[in-house]
Amino acid sequence: MNVYLTGDTHGRFERIACFCRDNHTTLGDVLIILGDAGVNYYLYHRDEKLKQYIDTMPVTLLCIHGNHEARPTAALGYEEAEHFGARVMVQPEHPNLLFALDGEVYELAGRSCIAIGGAYSVDKYYRLMNGWNWWPDEQPTPEMKKGIEKCLDYQHWKVDVVLSHTVP
């Protein structure tokens, strides 16, 4: 398994498709998107069309939650599953599109990697003023932060990698 990292895609996956082609990736390879994948942005058929495009890519995506997308929930058709030794959210019809859960520790390429998603949206009012989407849970809540700290306590505050959209 090869593990790759990239930043925000904001729903634009053409460069990811080119990367997969140029690097001969397989579904056994993992590309981590460090927030703002943009896959759960519109919350209607436009997102589904994007997910179907992603289904054609020979790579498994592990997405960290950003601040320009809705969190994957059961209401959006996501289910919990286990991948890389920890829990993820996935829609069964899109098995290579995984969403990390905050505080989970994933084993990737021999490294322990904790996911800490979300961020403060400095553009919140601009987005709302323009009729663009904004979600109240974009930023981790105090309860989420306590949950992450509890997971870190369990790990004795020792992980190899922090997968985050924005540094604390």
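The preceding data block contains the structure.
Residues numbered from 1 in each chain as written. Predicted model: local features only at pLDDT ≥ 70, side-chain atom pairs only at ≥ 80, totals over all residues. Heavy atoms only, no water.

### Details of the overall build of the protein chain
Right, on to step 1. Each helix and strand counted, the protein chain has four helices and nine strands in total.
Right, on to step 2. Ordered by position from N to C terminus, the α and β elements of the protein chain give β-α-β-α-β-β-β-β-β-β-α-α-β.
Right, on to step 3. Taking 168 residues into account, the globule formula puts the C-alpha radius of gyration at 15 Å, and the protein chain, at 15 Å, falls close to it.
Right, on to step 4. With respect to the principal axes defined by its C-alpha atoms, the protein chain has extents near 40 × 40 × 25 Å.
Right, on to step 5. Within the protein chain, the proportion of its 168 residues that are buried is 44%.
Right, on to step 6. Taking the intrachain contacts of the protein chain between residues at least 6 apart in sequence as the baseline, contacts between residues at least 24 apart amount to 67%. (Helix = DSSP H or I, 4+ residues; strand = E, 2+ residues; numbered from the N terminus. Rg over C-alpha atoms; globule rule 2.2 N^0.38 Å. Buried < 20%, exposed > 50% of the residue type's maximum accessible area, 1.4 Å probe, protein only. Contact = heavy atoms within 4.5 Å.)

### Points about the sheet that holds strand β2 (residues 30-34)
Either a parallel or an antiparallel arrangement is found when strands of a sheet pair, and the pairing is made through backbone hydrogen bonds.
Right, on to step 1. Taken in spatial order, the six strands make up an open sheet running β1-β2-β3-β6-β5-β4, and their pairing is mixed. Single-partner strands in this sheet number two, and they are β1 (3-6) and β4 (79-83). Taking the axes of each pair of neighbouring strands and ignoring which way they run, one obtains an average angle of 35 degrees across the sheet.
Right, on to step 2. When strand β3 (residues 60-64) meets strand β6 (residues 97-100), the two strands line up parallel, connected through three bridges. Note on β6: the bridge partner recorded for C63 is F99. (Pairing = 2+ DSSP bridges. Axes fitted to C-alpha atoms, helices over the stretch in contact; angles between N-to-C directions.)

### What about helix α4 (residues 142-154)?
Right, on to step 1. Compared with the 18 Å implied by 1.5 Å per residue over 13 residues, the 18 Å span of α4 between its first and last C-alpha is a close match.
Right, on to step 2. Remark: H156 follows α4 within two positions and exhibits a positive phi of approximately 55 degrees. (Expected span 1.5 Å × (residues − 1).)

### Looking at the sheet that holds strand β7 (residues 105-108)
Right, on to step 1. If you walk across this open sheet you meet the three strands as β7-β8-β9, and the pairing is mixed. The open sheet is flanked by β7 and β9 (161-164), the only strands paired with a single partner. For this sheet, the mean inter-axis angle between neighbouring strands, taken without regard to orientation, is 35 degrees.
Right, on to step 2. Taken together, the four bridges between strand β8 (residues 111-116) and β9 define a ladder with parallel strand orientation. Counterpart to A115 in the pairing with β9 is L163.

### Quick word on the packing of aromatic side chains
Two numbers describe a pair of aromatic rings. These are the distance of the centres and the angle of the planes.
Right, on to step 1. One pass over the full model with this rule turns up six aromatic pairs.
Right, on to step 2. Considering the side-chain rings of Y41 and Y42, the 4.8 Å spacing of their centres and the 85 degrees angle between planes classify their relative orientation as edge-to-face.
Right, on to step 3. You can call Y41 buried: its relative accessible area is 18%.
Right, on to step 4. Joined through ring pairs, the aromatic side chains of Y41, Y42, Y44 and W135 make up one cluster.
Right, on to step 5. The residue whose ring lies beneath K124 is W134, and the NZ or CZ to ring-centre distance is 4.2 Å. (Phe/Tyr/Trp six-rings, centres within 6.5 Å; stacked < 30°, edge-to-face > 60°. Lys NZ or Arg CZ within 6 Å of the ring centre and 35° of its normal.)

In short, the description is geometric, and any link to function would need to be established separately.
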